[in-house]
Amino acid sequence: MSSSEMRSVDRNFGDLLRAEAQGTRRSGLIVGAVVLIVLLSMLDTGLLDAQRLGEGLPAMWQLAGEMVPPDFSRVGDYVRPLIDTVAMSIAGTALAVAFSLPLAFLAANNTTPNRAIYHAARGLLNVLRSVPELIMGIVFVAAVGFGTLPGVLALGLHSVGMVGKFFAEAIEHVDPKPIEAARAAGATGLQVIHRAILPQVMPQMSDVTVYRWEYNFRASTVMGMVGAGGIGFELMSSLRIMNYQEVFAILLCILACVTLVDALGAVLRGRLK
Amino acid sequence: MLQLEGVSVTYPNGVRALSRTDLGFAASQFVVLLGPSGAGKSTLLRCLNGLVPPSEGRVCADDLGDIHGPRALRTHRRRTAMVFQHHQLIGRLSALGNTLTGRLGYHPSWRTLFPLPRADRLLALECLDRVGLAERALTRCDNLSGGQQQRVGIARALAQQPALILADEPVASLDPATARHVLGLLHEICKADGIPAIVSLHQVNYAREFADRIVGVADGGIVFDGPTAELGEEHLAQIYGSPAAMARGARPASEGRAKVSAGPPSEVALSETPMSKTA
């Protein structure tokens with residue numbers, strides 16, 4: 001009796017050990033596959049081309065050398081473009097929120113009027129998200145001319161893709177109980193949205209908006225490169241005449257502003273919690 | 001006042017929650033729908049304000065006829081307030097903000113995009129005062145206790161100035177002492193204002209204490225309908241299935257039941273009834 005018990009215990013341990021070994025083999029396979037994919041990607045992009053990298057290194061070093069010391073002699077000329085850039089990011093984010101809000105209710109499972117509209121709204125959000133803002137910038141520069149306006153339109157429209165999606169997800173995760181209560185009190189569809197759903201999703205929506213503003217500020221610094229106004233335009237001009245000391249000065253100004261905007265954004269989002 | 005005519009409800013997933021039911025409610029009564037969880041009480045209540053549309057039959061209000069279509073539904077829901085088991089409040093909003101939800105049915109959609117009129121705010125504050133929460137009017141609801149939250153739920157219902165109150169297990173999520181207090185408050189307000197109420201409960205003792213009329217619900221059907229005094233052992237057995245299950249559901253009401261059955265008043269003796277019957 002006791003020996004049969006021993007055997008059964010032995011057999012159980014054996015099973016456990018085999019299962020454990022199988023688990024180890026599986027994770028080994030997964031790690032191996034990931035490493036292989038990473039290596040193939042590096043090979044494809046030339047990151048493993050030691051000779052070419054070796055030749056490039058001195059050039060990079062030289063470029064870096066030409067950047068210092070930063071030349072702040074024209075710093076007064078950066079103030080206005082930097083203000084433009086901040087304005088672009090704020091106006092663009094506002095535009096994004098204005099379009100995202102109605103789209104999100106159409107693209108959320110629980111508030112969409114019907115499946116066709118749901119898929120149309122989701123599709124539109126995907127399209128807007130997948131066209132890069134730089135491409136949109138080029139298109140809008142062609143449409144409305146140089147300046148900050150095409151930048152705002154490009155940032156705003158591209159942002160709708162992400163902001164609208166996140167808004168829709170927030171709406172889908174809303175607590176349905178207060179909605180039922182509002183309906184039971186005779187509220188109309190619009191009243192349910194405004195008085196039962198919006199109060200619940202306000203924190204998430206504000207969080208996404210502030211986060212997107214931070215992102216849009218960083219994105220708007222390059223909008224100038226396609227002629228869509230802001231500090232990026234100055235950056236491009238200095239790059240064209242290969243004045244790398246000025247380029248470095250502008251980059252430092254941008255870095256300071258990005259740090260400031262991100263810090264402000266973090267404070268704002270902390271307040272919303 | 002309100003009539004169910006041959007109403008049945010089958011949910012999209014095939015569950016038949018309510019089988020063909022005819023039921024009428026008269027004005028100024030405090031009616032308790034009594035039955036175990038899953039008996040169909042919630043479905044029955046939600047038919048009464050159209051939150052659950054009947055699969056067959058119709059729900060008729062005195063002056064509106066069949067409550068069907070957005071217009072009739074809105075009119076009916078505005079004057080038919082509902083109190084929910086889980087309060088159904090918005091935690092981030094103040095007690096006052098939640099109470100004002102009861103006023104939405106009185107305004108067109110565009111009007112409620114702006115702050116509600118002062119008269120509505122005053123009314124909402126009065127309603128909060130009636131449930132003893134005027135002091136907490138500006139407190140966020142997620143900072144209130146369970147009992148306080150349900151009192152805000154009652155205030156929201158009162159803010160509708162309702163002609164009828166529906167309450168779906170209003171005290172099931174509360175501890176016994178708080179439950180007794182909150183249900184007492186609801187009963188007192190309904191009696192004082194002459195508002196009829198239809199309240200679903202699973203506790204026999206509360207039903208006996210507060211109801212004018214009891215409707216027993218079991219397995220999606222009505223198994224008892226009559227004045228509270230007529231509810232006897234055999235009806236409870238029907239509502240709760242087996243007498244043992246009934247004894248479990250009805251334990252706190254042992255005194256009331258002892259009078260009806262005129263048997264030994266101890267709980268042990270009562271729960272042994274089936275054995276003595278078979279013996």
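Computed from a prediction, not measured in an experiment: that's the story for all the values here. (Residues numbered from 1 in each chain as written. Chains lettered and ligands numbered in written order. Predicted model: local features only at pLDDT ≥ 70, side-chain atom pairs only at ≥ 80, totals over all residues. Heavy atoms only, no water.)

A. Representation of the sheet that holds strand E9 (residues 213-218) of chain B in the model. Residue and element names in this part refer to chain B. The mixed open sheet is built from six strands, whose spatial order is E6-E7-E8-E3-E9-E10. Edge strands, defined here as strands with exactly one partner in the open sheet, are strand E6 (80-83) and strand E10 (221-227). If you compare each strand with its neighbour and ignore which way they point, the axes differ by 20° on average. Summarising the sheet, strand E3 (residues 30-34) and E9 pair through four bridges and their orientation is parallel. Directly across from Val31, in E9, lies its bridge partner Arg213. Contacts from helix H5 (residues 146-159) reach E6 and strand E7 (164-168) within the one sheet, and its direction differs from that of E6 by about 175°. Strand contacts of helix H6 (residues 176-193): E3, E7 and strand E8 (197-201), with the helix running at about 165° to E8, the strand carrying the most contacts. (Pairing = 2+ DSSP bridges. Helix = DSSP H or I, 4+ residues; strand = E, 2+ residues; numbered from the N terminus. Axes fitted to C-alpha atoms, helices over the stretch in contact; angles between N-to-C directions. Contact = heavy atoms within 4.5 Å.)

B. Inspection of the packing of aromatic side chains at higher detail. All names here are of chain B. Counted according to the given criterion, the structure contains zero aromatic pairs over all chains. The ring of Tyr106 carries the charged tip of Arg78 above its face, separated from the ring centre by 5.3 Å. The ring of Tyr106 carries the charged tip of Arg103 above its face, separated from the ring centre by 4.1 Å. (Phe/Tyr/Trp six-rings, centres within 6.5 Å; stacked < 30°, edge-to-face > 60°. Lys NZ or Arg CZ within 6 Å of the ring centre and 35° of its normal.)

C. Representation of the pairing of strand E2 (residues 16-25) of chain B in the model. Residue and element names in this part refer to chain B. Strand direction decides the pairing type here: strand E1 (residues 2-10) and E2, joined by six bridges, are antiparallel. Paired with Gln3 across the strands is Gly24, a residue of E2. Between E1 and the antiparallel strand that follows it, E2, lie five residues; Gly14 among them carries a positive phi value of about 95°.

D. Molecular detail of the interface of chain B and chain A. Across the boundary between the two partners, chain B contributes 29 residues, which contact 20 residues of chain A. Summing both sides of the interface, chain B and chain A together bury roughly 2000 Å²; the carbon and sulfur share of this comes to 58%. Counting across the interface, chain B meets chain A through one salt bridge. In this structure, the salt-bridge partner of A:Glu180 is B:Arg46, at a minimum N-O distance of 2.6 Å. In this assembly, chain B and chain A are joined by twelve residue pairs in polar contact (both at pLDDT 80 or more). (Buried area = accessible area lost by both parts, 1.4 Å probe. Salt bridge = Lys/Arg side-chain N within 4 Å of Asp/Glu carboxyl O. Polar contact = N/O pair within 3.5 Å; in protein donor to acceptor, adjacent residues only side chain to side chain.)

E. Up close: helix H3 (residues 75-106) of chain A. Across its 32 residues, H3(A) extends 47 Å between first and last C-alpha, which sits within 8% of the 46 Å expected from 1.5 Å per residue. Of all the bends found along H3(A), the most pronounced is centred on A:Ser100 and spans about 35°, while A:Pro102, a proline, follows it within four residues. (Expected span 1.5 Å × (residues − 1). Bend = angle between axes of the 7 residues up to and from the residue.)

F. Examining the pairing of strand E4 (residues 56-61) of chain B more closely. Residue and element names in this part refer to chain B. Note that E1 and E4 share five bridges and pair antiparallel. Looking at the pairing, Leu2 lines up with Ala61 of E4. Direction of pairing for E4 relative to strand E5 (residues 65-66): antiparallel, over a ladder of two bridges. Among the inter-strand pairings, Ala61 is bridged to a residue of E5, identified as Gly65. Counted along the chain from E4 to the antiparallel partner E5, the turn is three residues long.

G. Representation of the domain arrangement of chain A. Each assigned domain of chain A is listed with its residue range as follows: domain 1 (2-49) and domain 2 (73-272). Taking only C-alpha atoms, the centre of domain 1 of chain A and the centre of domain 2 of chain A are 44 Å apart. (Domains from an automatic or database assignment.)

H. Just the nonpolar core, in detail. B:Leu34, B:Leu128, B:Val152, B:Ile154, B:Ile165, B:Val171 and B:Val199 are the most contacted members of the largest nonpolar core, which has 51 residues in total. At seven residues, H6(B) tops the list of elements feeding residues into this core. Each of domain 1 (2-231) and domain 2 (232-279) of chain B accounts for three or more of the residues forming this core. Not counting chain neighbours up to four residues away, the residues in contact with B:Ile154 comprise B:Val83, B:Val131, B:Val182, B:Leu186 and B:Ile189. Formed by 39 residues, the second largest nonpolar core is a distinct cluster that contains A:Ala121, A:Leu125, A:Leu155 and A:Ala170. (Core = buried A, V, L, I, M, F, W, Y, C linked by side-chain atoms within 4.5 Å. Buried < 20%, exposed > 50% of the residue type's maximum accessible area, 1.4 Å probe, protein only.)

I. Inspection of the pattern of salt bridges at higher detail. Counted under the stated rule, the structure contains 22 salt bridges over all chains. Across the pair A:Asp175 and A:Lys177 runs a salt bridge, and its minimum N-O distance is 3.8 Å. The class for A:Lys177 is partly exposed, based on a relative accessible area of 32%. B:Asp193 is paired through a salt bridge with B:Arg130; the nearest N and O atoms lie 2.6 Å apart. Here the residue B:Asp193 occupies a position in helix H6, and B:Arg130 occupies one in helix H4 (residues 118-130), the gap between them amounting to 63 residues. Using a relative accessible area of 38% as the deciding quantity, one classes B:Asp193 as partly exposed. Residues joined by salt bridges that share partners form a network here, namely A:Arg74, A:Asp77, A:Glu234 and A:Glu246.

J. The arrangement of the packing of helix H6 (residues 148-172) of chain A against helix H8 (residues 189-223) of chain A in detail. All names here are of chain A. Interhelical geometry of H6 versus H8 gives an angle of 150° and a closest axis separation of 9 Å. As judged from the angle between their axes, H6 and H8 are roughly antiparallel. Crossing of H6 over H8 shows right-handed handedness. On H8, the residues touching Gly151, Ala154, Leu155, His158, Ser159, Met162, Val163, Phe166, Phe167, Ala170 and Ile171 of H6 are Ile197, Val201, Gln204, Met205, Val208, Thr209, Tyr211, Arg212, Asn216, Ala219, Ser220 and Met223. Here the residues of the contact of H6 with H8 sort into 15 nonpolar, seven polar and one charged. (Parallel < 35°, antiparallel > 145°, perpendicular 65-115°, else oblique. Left-handed = near helix turned anticlockwise from the far one by under 90°. Nonpolar A, V, L, I, M, F, W, Y, C, P; charged D, E, K, R; others polar.)

K. Up close: the sheet that holds E4(B). An order of E2-E1-E4-E5 (chain B) is seen for the four strands of this open sheet, with the pairing classed as antiparallel. In this open sheet, the two edge strands, each paired with only one partner strand, are E2 and E5 of chain B.

L. Geometry of the packing of helix H9 (residues 231-240) of chain A against helix H10 (residues 244-272) of chain A. Residue and element names in this part refer to chain A. Running from amino to carboxyl end, H9 crosses H10 at an angle of 160°, the nearest separation of the two axes being 8 Å. The orientation of H9 with respect to H10, classified from their angle, is roughly antiparallel. Both H9 and H10 take part in a crossing whose hand is left-handed. Taking contact as the criterion, the partners of Ile231, Glu234, Leu235, Ser238 and Leu239 in H9 are, on H10, Tyr244, Glu246, Val247, Ile250, Leu251 and Ile254.

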